[in-house]
Amino acid sequence: MARPTLNLVGAGRVGQTLARLWQQQGTFAIQDVLTTSLSSAQAACGFIGGGTAVDTLQALRAADVWMLAVPDAQLAHMAQSLAQAIAQQRTPQSRHGACASALRTAPRAVVPVVFHCSGALDAGQLAPLAALGWHTASAHCILSFAQAATAVAQFAGTPCALEGDAGACNTLRPAFTAIGAQCFDLASEHKLLYHAAAVFATNFLPVLQTVAEEAWQATGVPAPLIPGLRASLLAKAVANITTLGPAAALTGPAARGDTAAIARQALAVGAWDAQAGAAYEALSALALRIAAHRTTPPA
């Protein structure tokens, strides 16, 4: 039985990671790959281990599944552009007439599925394609895709939020499960808060570490010592959170309920950097709330 075909529009770290895993697993037959340039599409195909690089929407062949792995800001425009290209090719008297592209095909027995990979945006971004009768969804994997090769190695066990219509989700769930994802359903109205949680868990960690290191530098901590502090404190903090849970791993003045110390430090941080001072106050308030509700003594 032939594998379902998949077209990839946008091939950054997320797109390349998923396509390579599906190529290796044999879940999909990677068909056409479109990115910002033909050379980048060719490079993506090389990493994926399959697919044909193309340089226009009109060059994309019909496929069973479409992955739009473009930046969030480009998603709605790309969905509209793809829908327009398909609609034009369906029109017999189209000006493309005699040189109709591969998007123009006979009616398909299987309704195409199109999904995007944004954590914050829902399947409504794909409304122009839903209007053509396609199944639409979003699929967001909770993994830091800092580098595609690393993400491929780390992907097994990654939670994956599926949101969209039943037809699309029923196709995507076994496909993601086949490459090791742990799929769960997410309501459209919860996507923004859900993705903000992922930002708290991952994206803010480099920000906090940068602020800490800049403050150390400002107070005269020798630069050669800072990488060691980074490695040691982060490793121990992660180990404690993983072993004890975040509430039990909380330390520092908030864990002790020392609001006077928090106030003094907030003034010192604010005098050094106003934004960092505001962040210190807000995070300290959250830390005090956590400390007040935990049932175990501070670590």
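The following paragraphs examine the structure supplied in this document. (Residues numbered from 1 in each chain as written. Predicted model: local features only at pLDDT ≥ 70, side-chain atom pairs only at ≥ 80, totals over all residues. Heavy atoms only, no water.)

A few points about the sheet that holds strand β8 (residues 182–185)
Next, step 1: With mixed pairing, the eight strands of this open sheet are ordered in space as β3-β2-β1-β4-β5-β6-β7-β8. The open sheet is flanked by β3 (52–54) and β8, the only strands paired with a single partner. Taking each pair of neighbouring strands and ignoring which way they run, the sheet shows an average axis angle of 25°.
Next, step 2: Bridge count for strand β4 (residues 65–68) against strand β5 (residues 113–116) is four bridges, and the pairing is parallel. Counterpart to M67 in the pairing with β5 is F115.
Next, step 3: Along the sheet, helix α1 (residues 13–25) contacts β1 (5–9), β2 (29–34), β4, β5 and β6 (135–141); its crossing angle with β4, the most-contacted strand, is approximately 150°.
Next, step 4: Against the sheet, helix α2 (residues 38–48) makes contact with β1, β2 and β3, and its axis sits at roughly 165° relative to β3, the strand it touches most. (Pairing = 2+ DSSP bridges. Helix = DSSP H or I, 4+ residues; strand = E, 2+ residues; numbered from the N terminus. Axes fitted to C-alpha atoms, helices over the stretch in contact; angles between N-to-C directions. Contact = heavy atoms within 4.5 Å.)

Notes on the pattern of salt bridges
Next, step 1: One pass over the full model with this rule turns up three salt bridges.
Next, step 2: Residues E213 and R230 are paired through a salt bridge, measuring 2.6 Å at the closest nitrogen-oxygen approach. Separated by 17 residues along the polypeptide, E213 in helix α7 (residues 191–218) and R230 in helix α8 (residues 226–244) bring together distant segments of the chain. (Salt bridge = Lys/Arg side-chain N within 4 Å of Asp/Glu carboxyl O.)

Observations concerning the layout of surface pockets
Next, step 1: Reported here for the largest pocket is a volume of approximately 2,100 Å³.
Next, step 2: The wall of the largest pocket is formed by 43 residues, among which L205, L208, L250, T251 and L283 lie closest to the centre.
Next, step 3: Secondary structure elements with two or more residues in the lining of the largest pocket: α7, α8, α9 (246–249), α10 (253–256), α11 (259–272) and α12 (274–293).
Next, step 4: For the lining of the largest pocket, the element with the most residues is α7, which contributes 12 residues. (1 Å grid on protein atoms, 1.4 Å probe; cavity = no way out; pocket = protein on both sides within 12 Å on 5 of 7 lines; lining within 4 Å. Points joined across faces, edges and corners; volume = space filled by probe spheres on them.)

Describing the nonpolar core
Next, step 1: Counting 38 residues, the largest nonpolar core has L8, L18, W22, V33, M67, F115 and F176 as its most contacted members.
Next, step 2: Leaving out residues up to four positions away in the same chain, L8 has contacts with G15, A19, D32, V33, L34, I48, M67 and A69.
Next, step 3: With 19 residues, the next largest nonpolar core counts L57, A63, W66 and L75 among its residues. (Core = buried A, V, L, I, M, F, W, Y, C linked by side-chain atoms within 4.5 Å. Buried < 20%, exposed > 50% of the residue type's maximum accessible area, 1.4 Å probe, protein only.)

Concerning the pairing of β8
Next, step 1: One ladder, built from four bridges, connects strand β7 (residues 159–164) with β8; its direction is parallel. Among the inter-strand pairings, A161 is bridged to a residue of β8, identified as F184.
Next, step 2: Between the parallel pair β7 and β8, the chain is carried across by helix α6 (residues 166–178), and the sense of this crossover is right-handed. (Right-handed = clockwise from strand over helix to strand, strands pointing away.)

Focus: the packing of α11 against α12
Two quantities define a packed helix pair, namely the angle between the helix axes and the distance between the axes.
Next, step 1: As a packed pair, α11 and α12 sit with axes 6 Å apart at the nearest point and diverge in direction by 160°. Relative to α12, the element α11 lies roughly antiparallel. As for how α11 packs across α12, the hand of that crossing is right-handed. Two secondary-structure elements touch here, α11 through T259, I262, Q265, A266, V269, G270 and W272 and α12 through A274, A276, G277, Y280, E281, S284 and L288. (Parallel < 35°, antiparallel > 145°, perpendicular 65-115°, else oblique. Left-handed = near helix turned anticlockwise from the far one by under 90°.)

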